[in-house]
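Each chain, letter by letter, is given below.
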There are 2 protein chains.
Amino acid sequence: MMMIIRSITISAILLISVSLFFPNECLAQEKNGKATWIWYPGDYEIWLSNKMQARRTERGAFLPPLWRYYSPYALVTFKKDFELEQPDEISIFTEGDFKMQLDGEMVHGRPKKLQIPAGKHSIVVKLYNQEAVPTLFLNGEYLVTDNTWEVTFEDKEWIDETGKASDQSGTTWEAVGSWDFDSPDQLPSQFKLETTPQFAKAVKEVETGELVDFGKETFGYIRFHGLKGTGNISLYYGESEQEAMDSAFCETLDELDFDGSQDAEFTLENSMAFRYVQIQPSEGIQYDSVSMLYEYLPVTYHGAFKSSDALLNEIWDVSAYTMHLNTREFFLDGIKRDRWIWSGDAYQSYLMNYYLFFDNESVKRTLLALRGKEPVASHLNTIMDYSLYWFIGIYDYYLFSGDADFIKNFYPRMVSLMDFCLGRRNEEGMMQGLPGDWVFIDWADGLSKEGEVSFEQLLLARSLEAMAISAEIAGDLEGKGKYQNLADGLREKLFEVFWSDEKNALMHQRVDGEVRDNITRYANMFAIFFDYFTEEQKKAVKEHVLLNDNIQKITTPYMRFYELEALCAMGEQEFVLDEIRDYWGGMLDLGATSFWEKYDPKESGDEHLEMYGRPYGKSLCHAWGASPIYLFGKYYLGVKPTSPGYETYLIEPNLAGLEWMEGEVPTPHGNISLKISTKQIAVNAAGGNGILQFKSKSKPKCKTGEVVSLGNNTYQINISPGTQHTVDYRSN
Amino acid sequence: MMMIIRSITISAILLISVSLFFPNECLAQEKNGKATWIWYPGDYEIWLSNKMQARRTERGAFLPPLWRYYSPYALVTFKKDFELEQPDEISIFTEGDFKMQLDGEMVHGRPKKLQIPAGKHSIVVKLYNQEAVPTLFLNGEYLVTDNTWEVTFEDKEWIDETGKASDQSGTTWEAVGSWDFDSPDQLPSQFKLETTPQFAKAVKEVETGELVDFGKETFGYIRFHGLKGTGNISLYYGESEQEAMDSAFCETLDELDFDGSQDAEFTLENSMAFRYVQIQPSEGIQYDSVSMLYEYLPVTYHGAFKSSDALLNEIWDVSAYTMHLNTREFFLDGIKRDRWIWSGDAYQSYLMNYYLFFDNESVKRTLLALRGKEPVASHLNTIMDYSLYWFIGIYDYYLFSGDADFIKNFYPRMVSLMDFCLGRRNEEGMMQGLPGDWVFIDWADGLSKEGEVSFEQLLLARSLEAMAISAEIAGDLEGKGKYQNLADGLREKLFEVFWSDEKNALMHQRVDGEVRDNITRYANMFAIFFDYFTEEQKKAVKEHVLLNDNIQKITTPYMRFYELEALCAMGEQEFVLDEIRDYWGGMLDLGATSFWEKYDPKESGDEHLEMYGRPYGKSLCHAWGASPIYLFGKYYLGVKPTSPGYETYLIEPNLAGLEWMEGEVPTPHGNISLKISTKQIAVNAAGGNGILQFKSKSKPKCKTGEVVSLGNNTYQINISPGTQHTVDYRSN
């Protein structure tokens, strides 16, 4: 069997590619954009996440995720049609073996450079890489690889015996993926996070070894200096001193073996999370000192917060550090233990990120790694609610970033995951746990996941709303209608089935057609900031659920995140601020240098380190512990987008009893800077059309904008970009 | 976020695994089966085929397939429940990093050996390999990795906070895949075909270089002896002397560059197909001599054929060699050029294989590589008919091998491919080319692929019959009914629409509801050996189509294969034998040492080398050129299975004018040996229940079996296994 491939004809022109003469004025001419490494969209993210998540170890044992891994395509085809006003010489770099066609003619040999004459051209590059992701980097004066290229995993470009080109419409071309690999020697497959040396803050002897304290929670590679001799070294890591000292039960450890041939300066292969490390060398091994390479993702701290309360400032700073430690190749849940990507945890990281780094790339990488590829065979992380957070995360991402391209490019993967979810509804049109599903919701004693759980239906309804919006962006108007109808129907059913006028709450579940007499906070608090309640319902829920001690308390910071948001959304900023002082302040009092997976003031001593029945099971640096970043930015500085990409936004500052606060909230247009005291509000926004809304006992004065009164001591001022607005008012 | 994994509990027993004392009688006890490397079914075949097919080059350019590549899973989980009467020590070998659980307890560190006490156990091994296929080899006295293990790509084995194990039924466990990697150091990822040295038959000077002739078509790695100096060497390969001498247009070449550091004995990295190679060293490079490493798959020649006609014997021998050259990691179409796996070509190789090597592994590897994984996005090789041959190939494989496990294990992949095909039918329930589909059928001038082509519907009907049989084997009784109904309906429609009483033929196509006045041989000859015709229809088709010179002739050996089979199926063995003498004998007359992709007696000289508009485009060693192997075995020696795995079979010898013939036909039970002259038939069969059927002018005599007369000079004798049956008769 044989096909005649368009590329077979031998192109003499290209075999002897003559280097062409460029008169200076041509070289001076404006170039095409910046060249970057490109790949099949999502494949690099999948590959990198496979690698990263497989780095988890448990006391020296390899411990990869329990859910399915996806694989990149080993063979992909890139193409671009373009026109050159001038001849161009492009340099060719690939990860993988390649076949190149220019205007349908195969370029023979494996050229490093290619001359392209002026005029209209089409270039096709087929790339094969079985071990890593096939990636391409072309760099010319005018032609470069960038996001204008297309790619497919199933090129059907051939011509049959008759010489007729086959119908190309059978091939699905997609927009390429890329990140920031903008130079030919920055190979995507060689990506590593940045590192910088850090040194011990304290060292003390332990038996024949030592305990090294790096002063605060950190993440990186232990490094030995002046290492010599043969034998082995045991390292016991600890986020706490107790953990590092407990060689039998610390969560992570390393056993090193040296035959004497090692370098005097020796750095470990694996990075670990720790503050302390106990080092026990065997006889015959000596070293002068131990340091580490701190490993981190380079991101900019765009967000900022300061206030008249030093404790809150410290809480914000430690939250930001906690967030940064967990913002790596992808958003992690915690750095010591899981080192996996969990959709539910990542969802909160997206939100915190918008008020700190505003790093869209980290959000996109994480969304793509979580979603994987076709076919969908199970929920994200095997957890029903985690599939649904993924949709809502895309909705938020669009709202904050305004990045419609992401939705356009990945809408088909949204559809297939939603098809999977919709296919798992019962005859009532609701989702309940099926074999292989994990209905998580939250860690809470005796929390029932049985039957139709109102919380899951609520997330599904919101996800369907996200699908309707995405369908419109992707130009699928039929889909838009379909998803909107499903969303409306489910919202209606949600209240019809679960809302109790008697209990003033959404009930927790229905089992075998019977609504159980069981109220939890989950659906009720989400319905508040999803704005699913009427005003009366909101007030009723606040009183009968949120502020009702007879309803089982939220104990995980994971759900605490939403509970505090719900309270803020109802104007309880002062109450929430006290909660923050107690809860996060409590961890600081215990010497926390990053925020924990869980904190219970009633516990004492080593109890704080236990979790999951393991003495050091608790993560002392957990992304969800950083939620004050989000709360301060959105509900105290009070900034949030009201249309995609902050084209319009609202500022509703709330001092909540503070004398003053100031801060920065990042947007796609640049920062919104705020200084707020009880007497004055100063705002400076780089872009977008903002509305500043606040209460004042006196009529506010503002030279740079008209003050509109909404009555009830509430006023509005339009914030025009690029001008400093100063408002004199009286908050009490 | 965090799961409590059953494996977390630290197992002291296993950490300090005590080596147990074995009394001699235990060691003497019978062991479990042989250990072999295991993997996720189909993944190794996909990975290996990706590698192999990416080795095609076109004048030094990389030339991978145009259809999609699939990828193996990077993370899989193996498990086995077992009971040990005695304690066991297992050695652990993996390709990839692993996590092992014995009875739910994690084995810490990365052990090379594991002690398992006597009793009931369950072992789970999670294996990660991003670069190659995750493969596992465990070797104990009793516990070994073999085909009794199961594997999944989406383990959902975890327990939640409540300590309750999740519902396991969410995880799909499948039977593992394996081949013959039966020792720990035989790493699947390192697989290479066997090689053996071969030496030049003739060498002659060409300018400053030489032309080396290896005496016959071969495949392998050129090797230089006594190589020294710096510079480069150009190699121009040729299946013909003309090709090797034509450096500008030969299909394959190598350019080597030496800096002087090379070894004196230097073997090329890539194997090529050739008989001749022109070698042109630059100044500064010398070598003593050139040889090669012949590269081949070790298979046994179970089939054999000899007759009173020396030409036919040579045709069989050269066919067998042609077949062997194309039977490699997978069944290739041709060795010089494509080096890809084509479903249509492979289908014929399966059939030839049953009469030569009877190597089931090669059939299974090829079927799995072709099918790939989910989701199905295009036809096999993008060709509609090639998807359908795949189903029919499985049907044949089951008939010849009786291997029901293969169907049981891969039935889901049959279903998903068939769903894809059924989803592409038009409202008439027929398949016609859609965007991205290639309707191939055959290379033939002006052959129309438009509209509903009868040939494609015929293949679909047969495929649906294969699905019905497979569904029953896989225990999908609903599916069995569904597919049988679809098959029956389509067969009916096929004749209703395409059969013409007037033309005595199945018409070629229907376009926009109009049956075109166009007859081709394809559907008509397939309908004969598919047994879709009535006896009258058969006779009519034979006269009005097969033996009608006004119907466009078949010119490719690809379709010639089926045309000759159809004629044999109608008793035209003598006619076919003359055709074979002309066609294959014609190639031998022209010095062929392997059979060609195409042969046209009307051509002369270098015309024989041309194809696809390229002077040496034609493959001179093409699998489909070996069809005499199949025809001689099935229609002259006359052996074919009548129930799966040769449980029952038929022998209908046909001398077709030969004085005598003898041969071997392999079956799962061993060989069937035959000696047939005009006066005597001798049969010896290793197993199965056979019927020998033949014509005789006199009443046959047989001491070892009862001769039953069927009338019309036709007789039958039951062939019981293991006894030599000799029948005296008179064929004329």
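None of these values were measured; they are calculated from a predicted model.

## Observations regarding the overall build of chain A
Then, in step 1: Secondary structure assignment for chain A yields 16 helices and 37 strands.
Then, in step 2: Along the first, second and third principal axes, the C-alpha set of chain A runs to 80 × 75 × 65 Å.
Then, in step 3: In chain A, which comprises 732 residues, the proportion classed as buried is 63%.
Then, in step 4: Per element, the accessible surface of chain A, about 26900 Å² overall, is 48% carbon and sulfur.
Then, in step 5: With 68 positive and 110 negative side-chain charges, chain A shows a separation of 3 Å between the mean positions of the two kinds.

## Some points on the interface of chain A and chain B
Interfaces are often sized by the amount of accessible area the parts lose when they come together.
Then, in step 1: Between chain A and chain B, the residue contacts involve 80 residues of the former and 80 residues of the latter.
Then, in step 2: Both sides of the chain A and chain B interface together cover about 7100 Å² of buried area, and 65% of this is carbon and sulfur.
Then, in step 3: Along the contact surface separating chain A from chain B lie 2 salt bridges.
Then, in step 4: Here A:K51 and B:E131 are joined by a salt bridge, their closest N and O atoms 2.6 Å apart.

## Points about the side chain of B:R371
All names here are of chain B.
Then, in step 1: Here R371 is to be found in helix α7 (residues 360-371).
Then, in step 2: Looking at R371, its side chain comes within polar contact range of the side chain of S416, at 2.6 Å.
Then, in step 3: Not counting the four nearest positions on each side in its chain, R371 is found in contact with Y70, V376, W390, R413, S416 and L417.

## Overview of the pairing of strand β35 (residues 707-711) of chain B
Residue and element names in this part refer to chain B.
Then, in step 1: Relative to strand β36 (residues 714-719), β35 runs antiparallel, the two being bridged by 4 bridges. Residue pairing in the sheet places S709 in a bridge with Y715 of β36.
Then, in step 2: Between β35 and β36, which pair antiparallel one after the other, the connecting turn spans 2 residues, and N712 there sits at a positive phi close to 55°.

## Considering helix α13 (residues 535-546) of chain B
Then, in step 1: Among all positions in α13(B), only B:Q537, B:K538, B:A540, B:V541, B:K542, B:V545 and B:L546 are buried.
Then, in step 2: Close packing links the buried residues of α13(B) with α11 (477-498), β24 (499-500), β25 (505-506), α12 (522-529) and α14 (557-569) of chain B.

## Re the UniProt feature "domain: Alpha-L-rhamnosidase C-terminal" (unreviewed entry) in chain A
Then, in step 1: The feature "domain: Alpha-L-rhamnosidase C-terminal" (unreviewed entry), as annotated in UniProt, sits at residues 638-674 of chain A in this numbering.
Then, in step 2: Its end C-alpha atoms 10 Å apart, residues 638-674 of chain A is made of 0% helix and 54% strand.

## Things to note about the pattern of salt bridges
Residue and element names in this part refer to chain A.
Then, in step 1: Counting across every chain of the model gives 87 salt bridges over all chains.
Then, in step 2: Two residues, R510 and E428, come together in a salt bridge whose shortest N-O distance is 3.0 Å. Here R510 is found in strand β26 (residues 509-511), whereas its partner E428 is found in the loop between α9 (404-422) and β23 (452-453), with 82 residues between them in sequence.
Then, in step 3: For R510, a relative accessible area of 11% gives the class buried.
Then, in step 4: Several salt bridges share partner residues, and in doing so they unite R56, E58, E251, R337, D338, E597 and R614 into one network.

## Quick look at the relation of the copies chain A and chain B
Then, in step 1: Between chain A and chain B, which share one sequence, the superposing operator has a rotation angle of 180° and an axial displacement of 0.0 Å; the RMSD is 0.0 Å. With respect to symmetry, the two chain copies, as superposed, fit the operation of a two-fold axis. By C-alpha distance to the rotation axis, the residue of chain A lying nearest is A:E131, at 2.1 Å.
Then, in step 2: An overlap of 100% is found between the interface residues of chain A and their copies at the interface of chain B, pointing to a shared contact surface.

## Notes on the sheet that holds strand β7 (residues 113-116) of chain B
Residue and element names in this part refer to chain B.
Then, in step 1: Pairing in this open sheet of 3 strands is antiparallel, and the strands run β7-β4-β9 from one edge to the other. For this open sheet the edge positions go to β7 and β9 (135-139), each flanked by a neighbour on one side alone. Across the sheet, the mean angle separating the axes of adjacent strands is 25° when strand polarity is ignored.
Then, in step 2: Examined bridge by bridge, strand β4 (residues 88-95) and β9 share 5 bridges and lie antiparallel to one another. Across the sheet, the residue bridging to F93 is F137, located in β9.

## So, the confidence of the model for chain A
Residues and elements named next belong to chain A.
Then, in step 1: Here chain A averages 92 in pLDDT, and 94% of its residues register 70 or above.
Then, in step 2: In the predicted structure, residues 3-30 sits below a pLDDT of 50 and forms 65 contacts with residues beyond four places in sequence or in another chain.
Then, in step 3: In this model, residues 159-167 is a region of pLDDT below 50 whose contacts with residues beyond four sequence positions or in other chains number 17 contacts.
Then, in step 4: Both confidence scores are given for the complex: pTM 0.92, ipTM 0.90.

## Comments concerning the sheet that holds strand β29 (residues 648-651) of chain B
Residue and element names in this part refer to chain B.
Then, in step 1: Across the sheet, 5 strands lie side by side as β28-β29-β33-β36-β35; this open sheet has mixed pairing. Looking at the sheet topology across the chains shown, the edges are occupied by β28 (639-641) and β35. The average undirected angle you get between the axes of adjacent strands in this sheet is 25°.
Then, in step 2: Strand direction decides the pairing type here: strand β33 (residues 689-695) and β36, joined by 6 bridges, are antiparallel. When the sheet's bridge partners are listed, G690 is paired in β36 with I719.

## Considerations on the packing of helix α8 (residues 384-401) of chain B against helix α10 (residues 454-473) of chain B
All names here are of chain B.
Then, in step 1: It is the contact of α8 with α10, at a shortest axis distance of 8 Å, that shows an interaxial angle of 40°. On the basis of the axis angle, α8 is oblique to α10. Of the two possible hands of crossing, α8 and α10 adopt the one that is left-handed. Residues M384, D385, L388, Y389, F391, I392, Y395 and Y398 of α8 lie in contact with α10, whose contacting residues are F455, E456, L459, L460, R462, S463, A466, M467, I469 and I473.
Then, in step 2: Class assignment of the residues belonging to the contact of α8 with α10 gives a composition of 14 nonpolar, 1 polar and 3 charged.

## Regarding the side chain of A:T667
All names here are of chain A.
Then, in step 1: Topologically, T667 is positioned in strand β30 (residues 660-667).
Then, in step 2: Judged by relative accessible area, which is 7%, T667 ranks as buried.
Then, in step 3: A polar atom in the side chain of T667 sits 2.9 Å from the backbone nitrogen of H669.
Then, in step 4: Once residues within four sequence positions are removed from consideration, T667 is found in contact with F358, Y646 and I672.

## Re the environment of B:I315
Residues and elements named next belong to chain B.
Then, in step 1: Positionally, I315 belongs in helix α5 (residues 310-326).
Then, in step 2: Residues I315 and I580, spaced 265 residues apart in sequence, show a C-alpha to C-alpha distance of 8.5 Å.
Then, in step 3: Apart from residues no more than four positions distant in its own chain, I315 is found in contact with I580, R581, W584, G585, L588, F595 and P628.

## Quick look at the packing of α8(B) against helix α9 (residues 404-422) of chain B
Two packed helices can be described by the angle between their axes and the distance between those axes.
All names here are of chain B.
Then, in step 1: Remark: α8 packs on α9, axes separated minimally by 11 Å, with the N-to-C direction vectors making an angle of 160°. Here α8 is positioned roughly antiparallel relative to α9, judged by the angle of their axes. As α8 packs across α9, the resulting crossing turns out to be left-handed. Taken together, the residues of α9 that come into contact with α8 (itself represented by S387, L388, W390, F391, I394, Y397 and Y398) are A404, F406, I407, R413, M414, L417, M418 and C421.
Then, in step 2: Of the residues assigned to the contact of α8 with α9, the class counts are 13 nonpolar, 1 polar and 1 charged.

## Describing unusual backbone geometry
Then, in step 1: Note that the residue after A:E374, namely A:P375, is joined by a cis bond; omega there is -10°.
Then, in step 2: Residue placement: A:P375 occurs in the loop between α7 (360-371) and α8 (384-401).
Then, in step 3: Residues other than glycine seldom take positive phi values, yet A:I441 does so here, at roughly 65°.
Then, in step 4: Here A:I441 is to be found in the loop between α9 and β23.
Then, in step 5: In this model, B:E207 sits at a positive phi of 50°, which is unusual for a non-glycine residue.

## Description of the environment of A:E543
Then, in step 1: Tracing the sequence through the fold places A:E543 in helix α13 (residues 535-546).
Then, in step 2: Sequence separation between A:E543 and A:A505 is 38 residues, and the spatial gap between their C-alpha atoms is 9.9 Å.

Criteria and thresholds
Residues numbered from 1 in each chain as written. Chains lettered and ligands numbered in written order. Predicted model: local features only at pLDDT ≥ 70, side-chain atom pairs only at ≥ 80, totals over all residues. Heavy atoms only, no water. Helix = DSSP H or I, 4+ residues; strand = E, 2+ residues; numbered from the N terminus. Buried < 20%, exposed > 50% of the residue type's maximum accessible area, 1.4 Å probe, protein only. Areas by Shrake-Rupley, 256 points an atom, 1.4 Å probe, with all protein chains shown as cover. Lys, Arg positive; Asp, Glu negative; His and termini not counted. Charge placed at Lys NZ, Arg CZ, Asp CG, Glu CD. Contact = heavy atoms within 4.5 Å. Buried area = accessible area lost by both parts, 1.4 Å probe. Salt bridge = Lys/Arg side-chain N within 4 Å of Asp/Glu carboxyl O. Polar contact = N/O pair within 3.5 Å; in protein donor to acceptor, adjacent residues only side chain to side chain. Pairing = 2+ DSSP bridges. UniProt positions renumbered as here; feature names shortened; annotations may be inferred. Least-squares fit on C-alpha atoms with pLDDT ≥ 70 in both. Axes fitted to C-alpha atoms, helices over the stretch in contact; angles between N-to-C directions. pLDDT = per-residue confidence, 0-100. Parallel < 35°, antiparallel > 145°, perpendicular 65-115°, else oblique. Left-handed = near helix turned anticlockwise from the far one by under 90°. Nonpolar A, V, L, I, M, F, W, Y, C, P; charged D, E, K, R; others polar.

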